[in-house]
Amino acid sequence: MMRFVETLKNIWTIDELRKRILVTLLLVLVYRLGCYVVLPGISPADLDALSKFTNKSGLMQLLDMFSGGAFSQASIFALGIMPYITASIVIQLLGMVLPSFQKMMREGESGRQKLNQYTRYLTVLILILQGPAYLINLQVQVSAAGAVSAMGPWTVAYLTVILAAGSMFIMWLGERITDRGIGNGISFIILVGIIARLPQALFYEFTSRMPGSTGSQGGLVMFVVELILLFAVTVGAVLLVQGTRKVPVQYAKRIVGNRQYGGARQYIPLKVNAAGVMPIIFAQAIMFIPITLAGFGSNDNAGGFIAAFSDINGFWYNLVYFLMIVAFTYFYTAITVRPTQMAEDMKRNNGFIPGVKPGKKTAEYLDSIMSRITLPGSMFLGIVAILPAFARFFGISQNFAQFFGGTSLLILVGVVLDTLQQIESHLMMHHYDGLMKEGKIKGRTTGSAY
C-alpha cells in the first residue's frame, strides 16, 4: 500500500505526466456528458422503449456497450466511435491489397497523415449511411408505444447531421487524447464506453443475487464466485494479450574506426495472438447477418436455420462463431505478419537466427513458428469470445456476462496495459521506479484496440 501511495506521488510530481492525465480526464468528462445529450424531438417514453429493445438484442447491446450507453439514450453520440473504427479497418485492409496504399504506408509520417485523411472521409461516408438507418430503426422500435410521430425527410436529414457531427467530435476528442493526453485516444474512448457500463451491470447482478429478489439463485456466495471467475478470466486475457515467443537473432560484428557494432544477441517477439481482436470483429460482423435477417434478434417467426443462428446463446451459433474466429485469426495473422520481409530485413542488417540459414530458410522457420503458436492462440481467443454465452448459461445476467469475455474484455485489458505502459515509461524516464516491483509492463505493441 505504501508503495502504491509513493507511486501516485511520483506520478503527480512529474509535471508533464500530471498535465497529460488531467487533460485526459477533462476530455473524458466532456465525452461522458455528451452521451446524455438527447437528440431533439426524443421524449423519455422513447428512451424507455429503445432501452428495452437494446437489452434484448445482441447486436444493439453490443453497439450500446461500445458507445457507453449513448446508443440506448438516443444521444448525439449515439453512433459512437464505431464508424471510425470501421473506416480504419477498411483502410488497413486496402493497405494490404492496393499498391498505392502500400506506398503511402511506407512513406512514414506524410503517408500516415494521408491515410488518416482518407479514413476521416470514409468515416463521414459511413456516418451518412448509418445515421438514417439508426433513426429509422429508432422510430420503428419505439413507435409501438405510440410515442414517436413519423419523421419527415428534413427531420431525418438534420438529425443525421447531428449524429455525424457527434461521432466526428468523438474522433476529435480521441485525437486530442493521443496528442495531449495519455495513451491511444480512440482506444481510450472505447475503454471509457465499456467501463461506463460496468458499475450498472455489477449493481444489477448484486441486487439480483440478494435473498428475496426475483429469480435469486445462490445468493451472495454465487456473486462472490462470479467475481472470482471474472478475475480469473481477466488474468487469462492478460496472458493472451502479452504472450510472445522470443526468437533469438544474432548480429554479426562490425568494426568502424575504434567502435564495434553488432555481435549482441537480440530477440524477435512473435505474439501468440498477433491478430488482436480483429478476428472477433470480423466473425461478429458475419454472425450478426442472420440476426438482422430475423428482425434484429426477434426470431419468433424465423425459419429453423435463421432461428438457430440468431440465438447468441445457442450451441450452433457459438460453435460456428468459435470456428470462424480460429479461421480469421490464421487469415489476419497471415496478411499482417510477413516472415519473408522479416527474413530480408535481418539479412540486410547482417542478422541471422542461430542454426538457420539466412534468406528463404529463415522465412520458412519463422512461418513454421507462427503456424504453431497461432493455433493455441486462436483457440484461446475463440474460447474467450464465447465465454459470455457460458456465463449466461449459468444464470449470469446479460449485461454482466459481457465482461466475461469477447471484444469488450480484450479491448479493456489491452488498453489498460497500454496506458500503464505509457505511465511507466514517464516514470522510468524521470528516474523513478516503475509501476511493478519487478519487470516491466508490456503493452500490445499494436497501438490500437482494433
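Please read all numbers here as calculations on a predicted model, not as lab measurements.

(A) Representation of the overall build of the protein within the structure. The helix and strand inventory of the protein stands at 17 helices and 5 strands. Per-residue burial over the protein gives 44% buried out of 450 residues. For the protein, the proportion of contacts with a sequence separation of at least 24, taken over those separated by at least 6, is 69%. If you sum the accessible surface of the protein, you get close to 23,300 Å²; carbon and sulfur atoms cover 65% of it.

(B) The arrangement of the nonpolar core in detail. By size, the foremost hydrophobic cluster in this structure holds 61 residues, and its most contacted members are Y31, I81, F188, I280, Y321, I325 and L410. Excluding residues that lie within four positions of it along the chain, I325 makes contacts with P279, I280, A283, S378, L381, G382 and A385. In terms of nonpolar packing, the next biggest core, distinct from the first, is built from 14 residues, A78, L79, L159 and L163 among them.

(C) The arrangement of the side chain of S378 in detail. Within the element layout of this structure, S378 appears in helix α15 (residues 360–393). For S378, a relative accessible area of 0% translates into the label buried. One polar contact links the side chain of S378 to the main-chain carbonyl oxygen of L375, over a distance of 2.8 Å. Excluding its chain neighbours within four sequence positions, the residues that come into contact with S378 are I325, V326, T329 and Y330.

(D) Expanded view of helix α17 (residues 406–429). Helix length check: α17 (24 residues) gives 35 Å between terminal C-alpha atoms against 34 Å at 1.5 Å per residue, within 8%. The buried fraction of α17 amounts to 17 of the 24 residues, a majority that puts the element mostly inside the structure.

(E) Just the confidence of the model for the protein, in detail. When pLDDT is averaged along the protein, the result is 77; 76% of the residues meet or exceed 70. The model gives residues 144–148 a pLDDT under 50, and that stretch makes 7 contacts with residues more than four places away or in other chains. Low pLDDT, under 50, characterises residues 445–449; the stretch is placed with 10 contacts to residues that sit more than four places away or in other chains.

(F) Spatial organisation of the sheet that holds strand β4 (residues 265–271). Within the open sheet, the 3 strands sit side by side as β4-β1-β5. Their pairing is antiparallel. Each edge of the open sheet is held by one strand with a lone partner, namely β4 and β5 (351–352). Where α15 meets the sheet, its contacts fall on β1 (244–251) and β4, and the angle it forms with β1 comes to roughly 165 degrees.

(G) Expanded view of the packing of aromatic side chains. Counting across every chain of the model gives 9 aromatic pairs. Between F315 and W316, the ring centres sit 5.2 Å apart and the planes meet at 75 degrees, which makes this aromatic pair edge-to-face. Owing to a relative accessible area of 57%, F315 belongs among the exposed residues under this scheme. Geometrically, the ring pair formed by F393 and F394 is edge-to-face, given 5.3 Å between the ring centres and 85 degrees between the ring planes.

(H) Quick peek at helix α13 (residues 315–336). Across its 22 residues, α13 extends 31 Å between first and last C-alpha, which sits within 8% of the 32 Å expected from 1.5 Å per residue. Considered for burial, the residues of α13 that qualify are Y317, N318, Y321, F322, M324, I325, V326, F328, T329, Y332 and T333.

(I) The arrangement of the environment of L22 in detail. Structurally, L22 can be placed in helix α2 (residues 15–34). Separated by 159 residues in sequence, L22 and G181 place their C-alpha atoms 7.8 Å apart.

(J) Structural detail: the pattern of salt bridges. Considering all chains together, one arrives at 6 salt bridges under this definition. With a shortest N-O distance of 3.5 Å, R20 and E16 are connected by a salt bridge. Of this pair, R20 and E16 both sit in helix α2, 4 residues apart, which is roughly one turn of that helix. You can call E16 partly exposed: its relative accessible area is 39%. The shortest N-O distance in the salt bridge between R120 and E175 comes to 2.8 Å. Linking R120 in helix α7 (residues 109–142) with E175 in helix α8 (residues 153–180), this pair joins segments that are 55 residues apart in sequence. The exposure class assigned to R120 is partly exposed, which follows from its relative accessible area of 23%. Assessed through its relative accessible area of 19%, E175 is described here as buried. Because the salt bridges share partners, they merge into one network encompassing D15, R18 and K19.

(K) Expanded view of the pairing of β1. Two strands pair when backbone bridges link them, and β1 and β4 are joined in this way by 7 bridges, in the antiparallel orientation. Within β4, the position partnered with V249 by the bridge is Q266. Of the strand pairs in this sheet, β1 and β5 are connected by 2 bridges, and their pairing is antiparallel. If you follow Y251 over to β5, its bridge partner there is G351.

(L) Spotlight on the packing of helix α10 (residues 219–242) against α15. Orientation of α10 relative to α15, taken along the N-to-C sense of each, is 150 degrees, at an axis distance of 11 Å. Considering how the two elements wind past one another, α10 and α15 form a crossing that is left-handed. Contact residues: V233, G236 and L240 in α10; G377, F380, L381, V384 and L387 in α15.

Criteria and cut-off values
- Residues numbered from 1 in each chain as written.
- Predicted model: local features only at pLDDT ≥ 70, side-chain atom pairs only at ≥ 80, totals over all residues.
- Heavy atoms only, no water.
- Helix = DSSP H or I, 4+ residues; strand = E, 2+ residues; numbered from the N terminus.
- Buried < 20%, exposed > 50% of the residue type's maximum accessible area, 1.4 Å probe, protein only.
- Contact = heavy atoms within 4.5 Å.
- Areas by Shrake-Rupley, 256 points an atom, 1.4 Å probe, with all protein chains shown as cover.
- Core = buried A, V, L, I, M, F, W, Y, C linked by side-chain atoms within 4.5 Å.
- Polar contact = N/O pair within 3.5 Å; in protein donor to acceptor, adjacent residues only side chain to side chain.
- Expected span 1.5 Å × (residues − 1).
- pLDDT = per-residue confidence, 0-100.
- Pairing = 2+ DSSP bridges.
- Axes fitted to C-alpha atoms, helices over the stretch in contact; angles between N-to-C directions.
- Phe/Tyr/Trp six-rings, centres within 6.5 Å; stacked < 30°, edge-to-face > 60°.
- Salt bridge = Lys/Arg side-chain N within 4 Å of Asp/Glu carboxyl O.
- Left-handed = near helix turned anticlockwise from the far one by under 90°.

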